[in-house]
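What follows is each chain in one-letter form.
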Amino acid sequence: MQERHVDIAIIGAGTAGLSAWHTARQHTDSVILIEGGEYGTTCARVGCMPSKLLIAAAEAAHQARSADGFGVKVGEIDIDGHAVMARIKRERDRFVQQVLGSMQRIDKADRMEGHARFETPHVLLVGSHSRVTARCIVIATGSRNDWPDFFDAAGDRLVVNDDIFDWDSLPESVAVFGPGIIGLELGQALHRLGVRLRIFGNGGSLGSLEDDALRDYADRTFNESFYLDPEAKVEAIEREGDQVVITFIERGTGQRLTERFDYLLAATGRRPNVDTLDLDKAGLALNDKGLPYFNRFTLQCRKSDDIPGHVFIAGDANHELPLLHEANTQGRIAGDNAGRYPALRAGRRNVPLAIVFTEPQIAKVGANREEMEQRCGGCECIAMGEASFEDQGRAVVIRQNRGLIKLYAEHGTGQFLGAELFGPRIEHMAHLLAWSLEQRMSVNRMLEMPFYHPVLEEGLRSALRDLNAALMQGPAITERCMEHGPGD
Ligand SMILES: Cc1cc2nc3c(=O)[nH]c(=O)nc-3n(C[C@H](O)[C@H](O)[C@H](O)COP(=O)(O)OP(=O)(O)OC[C@H]3O[C@@H](n4cnc5c(N)ncnc54)[C@H](O)[C@@H]3O)c2cc1C
Ligand SMILES: NC(=O)c1ccc[n+]([C@@H]2O[C@H](COP(=O)([O-])OP(=O)(O)OC[C@H]3O[C@@H](n4cnc5c(N)ncnc54)[C@H](O)[C@@H]3O)[C@@H](O)[C@H]2O)c1
């Protein structure tokens, strides 16, 4: 067994781990990065990037198909599954290569391969070959797909996002379980690429939507294109030959149907990779899910004697906000504090921002409703403003006039608090709103910003004006078009 003594050990060479490594190195040369799986990060290999490549191909097919609505005839659409998957893999590999290139710049002596787990609070066992003793440890082990046992009946026809991006071509049919973020993004993309699809949910949730009206609107909108049941009644999952046979009660008709699919895609959530770290030997206080308690500003874990310790946790591993930009920020804070330990600094955390790349897109900015209410003292202090995209000028022009947005602000101060959005190209508006929230802007101030014409952001202005009226800080909208131009 090889013995290593280092200042800082980082477990996981994903986005959070790499960002922790670079920041920790600003404090000390004695940092080791331990990776137990494949280099290249989840984002580049099987997450953000290949999923967006699949979505981009699907958008191209959708645009071609809907060109007819503009009077542009493109004839029959022919989707070459091999070519679609070849481009996805080619571009995906380039993204992975970029990450691997930056990995190469980390000296081999500062890297170690093997699965790490705690032997004692300061000692890690890596594979069966090394023992690493560290002054501080950063856990950046990411997350993995999680699914209920009864999906296992599908055998090797049970797939997760990782598998999809290795397909050589597109299958004829897929049953997606989980209308969450992954299920909606990949499900809609597969549907647009001609794959027969049904999406089965559990408990009624849809994407990341919290607001009932938005969820119902999104549910109706998606169901105009493909079958989606957020509260599915699935009676059986069986394997027959090379197919998965699913028996379910069809939404709407109430009929019991038995259908065959090439694959069952499990998109039922992800669980943090902390269960194989032997955290009981790390001396950390753990919650009922086995996750360490940690401070979100320092990323420092609490020890079982309730004293903050020398272990930090960043990225999907802590399950706080399993998103790429969060993994990056958290890794930076954790690496910095591991370097400074025990004299820590509170890191700068951005306001929550999440975007789902469906069409229409879904986005959330700021705290969720419950947290907002708690922050505002549980009183009836929150005003809401909304706007629909159905008759919004630019949205009509581009034939993407589906969507509804809801914005929230605090009575009295008029301060903008957050938003839930479902609509066309919402990713850009979500950024404007997140930046406004970071600046702690009031709704009045946001309305003083310039709005071009004709743009989708005019829909955002309508919602802001509605919100201002609800705050009793501005007039209610009476004649929209007359004030700002047609279709504002
Ligand atoms: C399909 C999909 C699409 C996504 N799309 C988006 C998107 O569009 N935008 C967005 O913001 N986010 C997206 N995400 C989420 C984003 O990819 C993750 O939040 C982010 O990659 C997490 O980074 P991480 O560093 O925490 O984990 P990872 O990048 O997974 O790194 C963790 C590393 O730790 C290693 N490891 C685990 N256990 C051990 C151990 N015991 N010892 C040694 N090494 C270990 C793993 O092998 C892995 O390399 C998507 C995720 C998926 C799955
Ligand atoms: N655009 C992005 O930023 C992006 C894209 C993909 C993934 N991600 C990240 O990955 C994380 C995981 O995504 P996810 O979609 O796997 O999780 P999720 O939590 O978003 O969705 C899981 C869904 O599965 C449903 N479900 C649970 N058990 C089920 C069952 N037995 N049958 C049917 N449905 C069931 C849930 O009700 C929920 O709708 C996200 O939280 C997100 O942070 C982000």
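Everything numeric here is computed off the predicted structure, so don't read it as measured data.

### With respect to the sheet that holds strand 14 (residues 256-261)
If you trace the 3 strands from one edge of the open sheet to the other, you get 12-13-14, paired in antiparallel fashion. Looking at the sheet topology across the chains shown, the edges are occupied by strand 12 (233-240) and strand 14. Sheet twist, expressed as the mean angle between neighbouring strand axes with direction ignored, is 20°. For strand 12 and strand 13 (residues 243-249), the ladder comprises 7 bridges, and the chain directions are antiparallel. Its bridge partner being in strand 13, Glu 240 is matched across the sheet by Gln 243.

### Thoughts on the sheet that holds strand 19 (residues 353-356)
Read from one edge to the other, the open sheet built from 5 strands follows the order 19-20-23-22-21, with strand pairing classed as antiparallel. A strand with exactly one partner marks an edge of an open sheet, and here the two such strands are strand 19 and strand 21 (382-388). Averaged over neighbouring strand pairs, the angle between their axes works out to 10° when direction is ignored. The pairing of strand 19 with strand 20 (residues 361-366) spans 4 bridges and is classified as antiparallel. Pairing of Val 356 across the sheet is with Ile 362, part of strand 20. Contacting strand 21 and strand 22 (404-410), helix 13 (residues 457-470) runs over the sheet at an angle of about 145° to strand 21.

### Re the site of ligand 1
Around ligand 1, the surrounding shell holds 34 residues, and the nearest of these are Ala 16, Glu 35, Thr 42, Lys 52 and Asp 316. Within the side chain of His 115, one N or O atom sits 3.3 Å away from a nitrogen atom of ligand 1. One of the backbone N or O atoms of Pro 322 is found 3.2 Å from an oxygen atom in ligand 1. Protein chains bury 90% of the 1000 Å² of accessible surface belonging to ligand 1 in isolation. Residue assignment for the shell around ligand 1 shows that the elements contributing at least two residues are helix 1 (15-24), strand 2 (31-35), helix 2 (42-45), helix 3 (48-66) and helix 8 (324-340). Among the elements that make up the shell around ligand 1, the one with the highest residue count is helix 3 (3 residues). Grouping the amino acids of the shell around ligand 1 by side-chain chemistry returns 15 nonpolar, 14 polar and 5 charged.

### Some points on the environment of Glu 438
Of note, Glu 438 is situated in helix 11 (residues 426-438). Distance in space between the C-alpha atoms of Glu 438 and Arg 349 is 10.0 Å, their sequence separation being 89 residues. Apart from the residues within four sequence positions on either side, Glu 438 is in contact with Arg 348, Arg 349, Asn 350 and Val 351.

### A few points about the domain arrangement of the protein chain
Under the domain assignment used here, the protein chain contains domain 1 (2-144 + 271-340), domain 2 (149-269) and domain 3 (353-483). Using C-alpha coordinates to define each centre, domain 1 is positioned 27 Å away from domain 2. Contacts between domain 1 and domain 2 engage 22 residues on the former and 17 residues on the latter. Taken together, the two surfaces of domain 1 and domain 2 that pack against each other cover about 1700 Å², and 64% of this comes from carbon and sulfur. Looking only at domain 1, the three residues that lose the most surface to domain 2 are Val 46, Leu 54 and Met 85, adding up to 32% of its buried area. The tally of links from domain 1 across to domain 2 stands at 3 salt bridges.

Cut-offs used in this document
- Residues numbered from 1 in each chain as written.
- Chains lettered and ligands numbered in written order.
- Predicted model: local features only at pLDDT ≥ 70, side-chain atom pairs only at ≥ 80, totals over all residues.
- Heavy atoms only, no water.
- Pairing = 2+ DSSP bridges.
- Helix = DSSP H or I, 4+ residues; strand = E, 2+ residues; numbered from the N terminus.
- Axes fitted to C-alpha atoms, helices over the stretch in contact; angles between N-to-C directions.
- Contact = heavy atoms within 4.5 Å.
- Near = heavy atom within 4 Å.
- Polar contact = N/O pair within 3.5 Å; in protein donor to acceptor, adjacent residues only side chain to side chain.
- Areas by Shrake-Rupley, 256 points an atom, 1.4 Å probe, with all protein chains shown as cover.
- Nonpolar A, V, L, I, M, F, W, Y, C, P; charged D, E, K, R; others polar.
- Domains from an automatic or database assignment.
- Buried area = accessible area lost by both parts, 1.4 Å probe.
- Salt bridge = Lys/Arg side-chain N within 4 Å of Asp/Glu carboxyl O.

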